[in-house]
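An overview of the molecular structure
Residues per chain are reported as follows:
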Amino acid sequence: YKLVNLKVFPWFGLDIGGTLVKLVYFEPKDITAEEEEEEVENLKSIRKYLTSNVAYGSTGIRDVHLELKDLTLCGRKGNLHFIRFPTHDMPAFIQMGSEKHFSSLHTTLCATGGGAYKFEQDFRTMGDLQLCKLDELDCLIKGVLYIDSVGFNGRSECYYFENPTDAERCQKLPFNLENPYPLLLVNIGSGVSILAVYSKENYKRVTGTSLGGGTFFGLCCLLTGCSTFEEALEMASHGDSTKVDKLVRDIYGGDYERFGLPGWAVASSFGNMMSKEKRESVSKEDLARATLVTITNNIGSIARMCALNENINRVVFVGNFLRINTISMRLLAYALDYWSKGQLKALFLEHEGYFGAVGALLELLGSA
Amino acid sequence: MPMRPSKEWVAIKMAERGGRGSGGHGSLDKSITLPPDEIFRNLENAKRFAIDIGGSLTKLAYYSTVQHKVARVRSFDHSGKDIEHEPLYEISVQEEITARLHFIKFENTYIETCLDFIKDHLVNTETKVIKATGGGAYKFKDLIEKKLGLKVDKEDVMTCLIKGCNFVLKNIPHEVFAYQKDSDTEFRFQTNHPNIFPYLLVNIGSGVSIVKVETEDKFEWIGGSSIGGGTFWGLGALLTKTKKFDELLQLASKGQHTNVDMLVKDVYGGAYQTLGLSGNLIASSFGKSTTADKEFSKEDMAKSLLHMISNDIGQLACLYAKLHNLDKIYFGGFFIRGHPVTMRTITYSINFFSKGEVQALFLRHEGYLGAIGAFLKGAEQDNPNQYSWGENYAGSSGLMSTSPDVFPMQRTRSGTFDMFEMDRLERPLVNLPLLKDPSTYIPDTVDLTDDAMARKYWLTCFEEALDGVAKRAAASQPDSIDASERAEKFRQKYWNKLQTLRQQPFAYGTLTVRSLLDTREHCLNEFNFPDPYSKVKQKENGIALKCFQSVIESLDSLGWEERQFALVKGLLAGNVFDWGAKAVSDVLESEPQFGFEEAKSKLQERPWLEDSYSQWLERLKEGPPHKCALIFADNSGIDIILGVFPFVRELLSRGTEVILACNSGPALNDVTYSESLIVTERIAAMDPVIHRLDKGLAVLVRERETDLVIIEGMGRAIHTNYYAALKCESLKLAVIKNSWLADRLGGKIFSVIFKYEVPCK
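These lines cover the structure that appears in this document, whether it is placed above or below.

About the cut-offs
Residues numbered from 1 in each chain as written. Chains lettered and ligands numbered in written order. Predicted model: local features only at pLDDT ≥ 70, side-chain atom pairs only at ≥ 80, totals over all residues. Heavy atoms only, no water. Helix = DSSP H or I, 4+ residues; strand = E, 2+ residues; numbered from the N terminus. Buried < 20%, exposed > 50% of the residue type's maximum accessible area, 1.4 Å probe, protein only. Contact = heavy atoms within 4.5 Å. Pairing = 2+ DSSP bridges. Core = buried A, V, L, I, M, F, W, Y, C linked by side-chain atoms within 4.5 Å. Polar contact = N/O pair within 3.5 Å; in protein donor to acceptor, adjacent residues only side chain to side chain. Patch = residues over 30% accessible without salt bridge, like charges linked within 9 Å, V, L, I, M, F, W, Y side chains within 5 Å. Areas by Shrake-Rupley, 256 points an atom, 1.4 Å probe, with all protein chains shown as cover. Salt bridge = Lys/Arg side-chain N within 4 Å of Asp/Glu carboxyl O. Buried area = accessible area lost by both parts, 1.4 Å probe. Axes fitted to C-alpha atoms, helices over the stretch in contact; angles between N-to-C directions. Parallel < 35°, antiparallel > 145°, perpendicular 65-115°, else oblique. Nonpolar A, V, L, I, M, F, W, Y, C, P; charged D, E, K, R; others polar. Lys, Arg positive; Asp, Glu negative; His and termini not counted. Charge placed at Lys NZ, Arg CZ, Asp CG, Glu CD. Phe/Tyr/Trp six-rings, centres within 6.5 Å; stacked < 30°, edge-to-face > 60°.

The next subject is the overall build of chain B. On a plain count of helices and strands, chain B comes out with 23 helices and 22 strands. The buried share among the 761 residues of chain B stands at 58%. Considering only contacts within chain B whose residues lie at least 6 apart along the sequence, 72% involve residues at least 24 apart.

Residue and element names in this part refer to chain A. Of all the six residues making up strand E1 (residues 11-16), six are buried; the element is thus mostly covered by neighbouring parts of the structure. Across the two faces of E1 the burial is the same, with Trp-11, Gly-13 and Asp-15 and Phe-12, Leu-14 and Ile-16 all buried. When E1 meets strand E2 (residues 20-28), the two strands line up antiparallel, connected through six bridges. By the bridge assignment for E2, Trp-11 is matched with Phe-26. Between E1 and the antiparallel strand that follows it, E2, lie three residues. As defined by bridge partners, E1 adjoins strand E7 (residues 109-112) across three bridges and the pair is classed as parallel. In the strand pairing of E7, Leu-14 is matched with Ala-111.

Here we take up the nonpolar core. In this structure, Trp458(B), Phe490(B), Leu516(B), Trp616(B), Ile641(B), Phe647(B) and Phe754(B) are the most contacted members of the largest nonpolar core, which totals 113 residues. Looking at which element gives the most residues to this core, the answer is helix H11 (residues 452-476) of chain B, with 10 residues. Core analysis: the next-biggest nonpolar cluster, separate from the first, contains 99 residues, Cys170(A), Leu219(A), Ile295(A) and Leu336(A) among them.

The subject of this paragraph is the side chain of Asn663(B). All names here are of chain B. If you trace the backbone, Asn-663 turns up in the loop between strand E19 (657-661) and helix H20 (673-686). Of note is the side chain of Asn-663, whose polar atom sits 2.4 Å from the side chain of Arg-716. Sequence-distant contacts of Asn-663, that is, excluding residues within four places in its chain, are made with Asp-670, Val-671, Thr-672, Tyr-673 and Arg-716.

Right, let's get into a nonpolar patch on the surface. Residues and elements named next belong to chain A. A cluster of nonpolar side chains, Trp-264, Tyr-338 and Trp-339, forms an exposed patch at the surface whose accessible area comes to about 280 Å². Summarising the element assignment, Tyr-338 is placed in helix H13 (residues 326-339). Assessed through its relative accessible area of 30%, Tyr-338 is described here as partly exposed.

What follows deals with the interface of chain A and chain B. Residue-level contacts link 51 residues of chain A with 48 residues of chain B. Between chain A and chain B, roughly 4,100 Å² of surface is buried when both sides are summed, and carbon and sulfur atoms account for 66% of that area. For the chain A face of the interface with chain B, the top three residues by lost area are Leu222(A), Phe259(A) and Met274(A), together amounting to 15%. At the surface where chain A touches chain B, the tally comes to two salt bridges. Residues Glu310(A) and Lys322(B) are paired through a salt bridge, measuring 3.8 Å at the closest nitrogen-oxygen approach. At the junction of chain A with chain B, the criterion picks out 18 residue pairs in polar contact (both at pLDDT 80 or more). Mapped by element, the contributors of at least two residues to the side of chain A that touches chain B are helix H5 (115-118), strand E13 (203-209), helix H8 (213-224), strand E15 (266-268), helix H11 (276-281) and helix H12 (284-310) of chain A. Ranked by residue count, the leading element in the side of chain A that touches chain B is H12(A), at 11 residues.

Another point: the packing of helix H9 (residues 229-237) of chain A against H12(A). All names here are of chain A. One way to put it is that H9 packs onto H12 with a least axis distance of 7 Å and a crossing angle of 105°. Viewed along their axes, H9 and H12 adopt a mutual orientation that is roughly perpendicular. Side by side, H9 and H12 meet where Ala-232, Leu-233, Met-235, Ala-236 and Ser-237 of the first sit next to Lys-284, Glu-285, Ala-288, Arg-289 and Leu-292 of the second. By residue class, the composition of the contact of H9 with H12 is six nonpolar, one polar and three charged.

Now for a negative patch on the surface. Judged by side-chain charge, Glu34(A), Glu36(A), Glu37(A) and Glu38(A) come together as a negatively charged surface patch. Topologically, Glu36(A) is positioned in helix H2 (residues 33-38).

Following Phe9(A), the chain continues into Pro10(A) via a peptide bond in cis, with omega recorded as 5°. Along the chain, Pro10(A) falls in the loop between helix H1 (2-5) and E1. One non-glycine residue, Lys241(B), adopts positive backbone phi at about 60°. Tracing the backbone through its elements, the reader meets Lys241(B) in the loop between helix H4 (229-240) and helix H5 (245-254). Judged by its relative accessible area of 64%, Lys241(B) falls in the exposed class. We note that Phe750(B) has phi near 65°; this positive angle belongs to a residue other than glycine. Mapped onto the elements of the fold, Phe750(B) is located in the loop between helix H23 (739-744) and strand E22 (751-757). Owing to a relative accessible area of 9%, Phe750(B) belongs among the buried residues under this scheme.

What follows is about the packing of aromatic side chains. Residue and element names in this part refer to chain B. Going through the model one piece at a time under the given rule, you end up with 59 aromatic pairs over all chains. An angle of 70° between the planes, with centres 4.9 Å apart, marks the rings of Phe-177 and Phe-187 as edge-to-face. Highlighted residues: Phe-177 in strand E6 (residues 176-179) and Phe-187 in strand E7 (residues 187-189), separated in sequence by 10 residues. For the pair shown, Phe-177 and Phe-187 are each scored as buried. On the basis of an interplanar angle of 65° and a centroid distance of 5.1 Å, the ring pair of Tyr-199 and Tyr-330 is categorised as edge-to-face.

Right, let's talk about the side chain of Ser226(B) for a bit. Assignment of secondary structure puts Ser226(B) in the loop between strand E10 (219-225) and H4. Here Ser226(B) falls in the buried class, since its relative accessible area comes to 12%. Side-chain polar atoms of Ser226(B) contact the side chain of Ser269(A), separated by 2.5 Å.

Before going further, it helps to examine the environment of Thr240(B). Residue and element names in this part refer to chain B. As for its position among the elements, Thr-240 is in helix H4. On the basis of relative accessibility, which here comes to 1%, the residue Thr-240 falls in the buried class. Through-space distance from the C-alpha of Thr-240 to that of Ser-557 is 87 Å; in sequence the pair is 317 residues apart. If we ignore the near neighbours within four places in the chain, the residues touching Thr-240 are Leu-248, Leu-251, Lys-298 and Ala-302.

It is possible for side chains of opposite charge to pair when their charged atoms get near one another. Residues and elements named next belong to chain B. Using the criterion set out here, one finds 53 salt bridges over all chains in the structure. A salt bridge links Arg-563 to Glu-650; the nearest nitrogen and oxygen atoms lie 3.0 Å apart. Here Arg-563, found in helix H15 (residues 560-574), pairs with Glu-650, found in helix H19 (residues 638-653); they are 87 residues apart in sequence, far enough to count as distant. The exposure classification of Arg-563 matches that of Glu-650, with both residues buried. For Glu-729, the salt bridge is made with Arg-619, and the minimal N-O distance between the two is 3.0 Å.

What follows is the structure, encoded as structure tokens:
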């Protein structure tokens with residue numbers, strides 16, 4: 001306990017991914033007057049800067065709705081803040097750390113994700129900071145288990161979609177992940193990693209795919225000229241993928257009974273785009289929607305096969321691809337339920353892409 | 001002789017009529033007639049049509065009977081005649097009818113013209129129905145019914161595909177190949193496994209179907225993916241504004257995906273090595289194009305798309321293979337068809353995701369599977385599945401004859417025809433029951449697809465011998481007025497085949513000396529030269545028979561040990577008489593007096609190049625007589641009569657039964673089964689030790705408990721079975737009548753191979 005208490009503020013956890021940097025910051029709310037007295041100026045200034053803003057620079061964003069309040073961490077009470085910014089702004093972030101004399105605070109900066117390696121040198125030379133690099137998957141799993149155990153401000157962190165195959169009756173419901181094992185954890189960032197988790201310490205990376213969030217966004221940029229993930233999703237929400245994709249019924253006129261394939265199933269993603277006339281008749285929104293559906297279904301399909309091979313029936317989807325992306329979540333829930341004949345359940349977590357960063361913070365505190 | 005790019009039909013000009021965008025079908029320029037003996041062959045007798053119409057190619061199948069000539073020998077009744085001056089037996093050429101399956105592939109543009117052509121040439125009208133499959137079958141239904149007057153009967157695409165797949169897997173040697181990049185020959189053919197089931201068929205059309213095939217009739221669609229060929233084509237067209245599938249592939253083969261994809265090293269920086277990850281792995285496909293400001297090249301985007309799709313398909317295929325515990329995955333569909341680019345990426349993906357445990361396999365006749373299956377569906381009453389069928393090399397175009405990668409010119413000209421023909425085999429081929437391990441038996445010593453030096457040598461060898469064979473063929477039919485014209489056609493055809501094989505050694509599967517010989521026989525038969533050496537053999541058999549008794553007498557005068565050596569030497573000397581070897585045929589042409597004694601003097605002195613004669617002698621001396629010896633004989637004339645028969649006689653007198661095995665059909669001056677019967681009969685008349693048995697070889701071998709196999713001649717003992725391991729004792733002997741091969745084996749011309757092997761206990 002005493003040792004833990006020695007951890008000096010500020011408490012950060014950093015996850016530097018291919019596209020996004022995720023930062024969690026623990027804001028202590030139980031600072032005594034004595035402590036406040038002793039607190040160095042730049043520490044105070046960092047706390048103020050982070051907690052009084054919801055946006056940082058032109059690209060940093062604090063997900064206020066995700067903030068965890070009155071959390072007790074290592075004997076301290078406080079709020080956990082969730083902040084993200086694009087990885088390409090990493091140099092500016094390090095520059096800011098340098099300007100705010102972060103290194104003088106004598107804290108350790110725990111970081112995970114590929115960028116922990118990529119930017120390690122920059123942290124050292126530009127920011128005079130020694131990064132503590134942490135394993136990405138370790139952090140991810142620790143973060144998931146921790147956040148699920150503390151809950152989401154009294155609500156359930158984990159949820160699922162009931163009646164996913166019925167558009168009318170489909171609804172989001174809390175799920176109790178008290179006995180989580182075994183579970184398949186599908187992390188959809190720029191790419192996708194799939195882990196089979198058997199216990200806190202026992203997990204393995206089953207496989208991964210390069211068709212992930214980066215593919216959706218990258219293809220949308222090329223196909224529609226959009227420039228943000230939000231814009232791409234917004235377009236997708238107004239499009240119709242069946243104009244772009246070739247469905248089973250487009251080929252067979254209805255269901256393909258020989259193989260038990262329903263007419264609505266996609267037979268060929270972008271299959272209609274082989275025809276010049278159809279290429280000319282689709283909208284950007286249709287293309288964005290088709291891209292989203294293609295990538296999502298594919299992830300669902302690979303996840304389902306992994307679940308079958310690993311003999312696991314609960315599949316938890318996380319990662320920032322799912323942020324504000326109800327279309328994909330419902331599609332995943334639907335696809336998993338339909339193609340497994342109800343045997344597999346798709347689960348989701350409210351803090352989508354932040355678990356790696358949370359895990360990094362926990363590592364810092366040594367409490368995990 | 002000029003080098004020719006490919007088959008005869010390249011020269012056939014096709015001209016497109018009708019506007020391009022108007023959807024009008026192209027038609028043949030009628031001023032240039034399509035020669036029926038080259039494309040839609042044997043249409044007069046054609047029946048049981050089937051058609052498979054895909055997105056861009058049509059595959060037509062039919063069954064026909066082919067009348068061709070066969071050489072027959074018949075013994076004369078010699079009673080009371082002066083046999084000194086009569087030939088030993090009579091040779092006649094007779095007509096025989098055999099069944100042939102024809103498959104032709106052409107672009108959909110030509111469908112109307114082809115249907116017209118078929119209608120014009122179709123004599124037989126008993127056919128009422130045409131089986132149809134493929135996505136385009138519906139679209140062209142009315143056209144087919146109108147043009148051919150046949151009722152179109154639709155068959156399920158996947159059922160046809162599987163049926164066709166089973167058929168080629170069972171009947172075509174070297175049907176299956178693995179793709180190897182960066183190797184001299186990119187195609188690694190697999191030896192047919194006796195049991196083809198179960199397997200996974202991944203068909204990559206516009207989408208992907210994954211089918212598990214368990215038996216001839218049992219298959220199950222176990223999954224699929226919507227990300228397939230249509231995704232590559234559709235998305236590729238959107239991204240690059242390139243309309244054609246082939247052009248997209250061309251773009252992809254020139255691109256750099258690393259400009260578009262986010263790699264592991266892009267995420268991890270330079271430090272990925274510490275993680276045990278390869279920095280070049282793709283972390284996120286199109287992960288670098290997440291910006292509106294940058295331009296990306298068409299080539300790079302196409303390449304990235306190709307990788308994305310191939311990897312995805314490979315990954316899913318591996319997941320399905322794992323779940324269903326299967327290790328054979330065959331890939332097909334238009335995405336794969338003849339495209340080295342996609343075969344390479346799929347192979348890479350399967351290797352990566354299965355960690356080398358599963359091999360991506362491809363099929364030489366993949367494009368024909370649907371047509372074959374539809375045909376089989378329609379021919380169920382003929383039960384083609386109960387027969388064995390063999391690929392006719394003379395009538396088949398070979399792998400990738402229309403591939404843009406091999407013949408870029410040809411493809412752009414458009415309108416090429418690819419053909420595949422199969423002949424019904426007289427009897428099913430089975431493995432010799434004495435083989436130690438039939439599943440690993442490879443009946444070819446040197447793989448010429450792999451061995452470029454050997455390939456060059458042998459192709460040249462066959463080229464140089466060609467004029468002689470053609471001359472011999474013409475001479476074998478002195479009474480036929482068109483013999484020399486046909487001989488020239490044969491020469492031209494085989495020459496073209498050899499040129500094709502120089503460019504595409506993989507065209508008909510693994511290239512071997514055996515397949516070169518088979519191709520020559522197929523070409524000879526094509527032009528009605530069933531047995532060009534029949535006359536030569538007849539003469540030589542007659543001459544040799546006259547010497548038989550004196551050879552026997554001189555052998556009998558020797559002591560036992562001396563005799564054993566003389567017998568072996570006789571066997572080897574006899575084997576010098578081979579018209580297939582240029583060094584020998586030159587001698588035989590120029591020195592008609594060249595005889596048995598001259599041949600003996602040519603032989604290498606002991607120790608021979610491969611010499612286990614002492615062990616053999618020891619075995620004869622010490623061991624009990626063999627129960628039954630199986631001898632594969634080589635040439636007719638001196639070889640069989642003065643070499644093999646005295647040896648046979650010695651074995652018989654030891655109490656060993658002998659089965660003499662000869663070719664069922666003619667090949668150069670090899671002794672055929674029917675000739676051997678006459679020869680045996682004549683020798684039996686002279687020599688009471690010899691009498692005859694006649695039964696199916698495999699049955700006989702088992703019944704008689706064969707414990708010694710003797711394989712004679714370069715073809716059987718060296719080119720094919722040199723490394724074949726048998727369950728019983730074996731003797732492989734041959735004289736190397738070819739200086740290149742002798743050189744390679746470390747000897748000189750007329751070196752002797754005498755390889756006696758005892759299986760290890």
